[in-house]
Each structure stands twice: as C-alpha cells, then as structure tokens.
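Descriptive analysis of the structure
So the chains spell out like this:
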Amino acid sequence: ESGNTDINIECSSLQETLTTIVHSIELKAEPKNLTIRTLYDARLPEMILTDARRLQQILYNLLGNAIKFSKTNGTVEVDVKLH
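Residues numbered from 1 in each chain as written. Predicted model: local features only at pLDDT ≥ 70, side-chain atom pairs only at ≥ 80, totals over all residues. Heavy atoms only, no water.

1. Overview of the side chain of Asp41
Take Asp41: it is sitting in the loop between strand 2 (35-40) and strand 3 (47-50). Only 3.1 Å separates the side chain of Asp41 from the backbone nitrogen of Leu82, close enough to count as a polar contact. Setting aside chain neighbours within four positions, we find Asp41 in contact with Val80, Lys81 and Leu82. (Helix = DSSP H or I, 4+ residues; strand = E, 2+ residues; numbered from the N terminus. Polar contact = N/O pair within 3.5 Å; in protein donor to acceptor, adjacent residues only side chain to side chain. Contact = heavy atoms within 4.5 Å.)

Right, dumping it as structure tokens:
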C-alpha cells in the first residue's frame, strides 16, 4: 500500500554504523576542508535494537547538513552520549 513504511528492527552496532557513515561522507567534507570528529561514550552498549537502514539514512542526512552549513576549514563534531 502507498504510504506504508516497513520497519526492520534488528541488533546493530551503533559505533560501526557511525564509523561507516563518517567514512562515506568524508568526501563531501574535503572541498570545504572540514574535519569530522566523532566522540563515542564508552557507556553505550555495543549493540542496539534499531532499523539499521533508517539509522544510517538519518545519520547521513544529519552529517550532510552539518557539512553543507559549516564554514570552510572547520570541524563537524558528532558526540554520541548516553543520557
């Protein structure tokens, strides 16, 4: 049916997902001479239950927008914390 979105919840590594996205988007940061820095809270669980594809999409969009709206020669910082 139109408008329905399937969600596929599975065990996934948040840190691995974030690392993969950062590596894939670094090319977008190069023309603006931006550094992408990730800070990952050690208290976070190694695996989480999530829709990995959707999480990748969200992280890619967030980082893409951060790069797009950052000034040249800057740093985009991704800080993943447990609250």
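After that view, the rundown keeps rolling.
2. Here we look at helix 1 (residues 14-29)
With 16 residues, helix 1 should reach 22 Å at 1.5 Å per residue; the first-to-last C-alpha distance of 22 Å fits that figure. At His23, helix 1 shows its strongest bend, of approximately 30°. Listed as buried for helix 1 are Leu14, Thr17, Leu18, Ile21, Val22, Ile25 and Ala29. Those residues of helix 1 that are buried lie in contact with strand 1 (10-13), strand 2, strand 3, helix 2 (52-68) and strand 4 (75-80). (Expected span 1.5 Å × (residues − 1). Bend = angle between axes of the 7 residues up to and from the residue. Buried < 20%, exposed > 50% of the residue type's maximum accessible area, 1.4 Å probe, protein only.)

3. Points about the nonpolar core
Core analysis: the largest hydrophobic core is formed by 16 residues, its most contacted members being Leu18, Ile36, Leu63, Ile67, Val76 and Val80. At the level of secondary structure, the elements contributing two or more residues to this core comprise helix 1, helix 2 and strand 4. Ranked by residue count, the leading element in this core is helix 1, at six residues. (Core = buried A, V, L, I, M, F, W, Y, C linked by side-chain atoms within 4.5 Å.)

4. Side note on the pattern of salt bridges
The full count for this structure, using the stated rule, is four salt bridges. Here Asp51 ties to Arg54 by a salt bridge, and the two come within 3.9 Å at their closest N and O atoms. (Salt bridge = Lys/Arg side-chain N within 4 Å of Asp/Glu carboxyl O.)

5. Regarding the environment of Ile48
Note that Ile48 resides in strand 3. Between the C-alpha atom of Ile48 and that of Cys11, which follows or precedes it by 37 residues, the distance is 5.4 Å. Beyond its immediate chain neighbours, meaning those up to four positions away, Ile48 contacts Glu10, Cys11, Ser12, Leu14 and Leu55.

6. Let's talk about the environment of Asp41
In this structure Asp41 comes out as buried when scored by relative accessible area, which is 14%. Residues Asp41 and Leu82 lie 41 residues apart in sequence; the distance between their C-alpha atoms is 6.6 Å.

7. Here's the deal with the side chain of Thr17
Its place among the elements puts Thr17 in helix 1. Judged by relative accessible area, Thr17 falls into the buried class, the value being 7%. Once residues lying within four places of it in the same chain are set aside, the contact partners of Thr17 are Ser12, Leu55, Gln56 and Leu59.

8. Comments concerning helix 2
In this model, helix 2 (17 residues) spans 24 Å end to end at C-alpha, consistent with the 24 Å of a helix rising 1.5 Å per residue. Those residues of helix 2 that sit buried are Ala52, Leu55, Leu59, Leu63, Gly64 and Ile67. Around the axis of helix 2, the buried residues are gathered within 160° of arc, so they sit on the same side. Opposite the buried face of helix 2, at more than 90 degrees from it, the exposed residues are Arg53, Leu62 and Lys68. (Arc of directions from axis to C-beta.)

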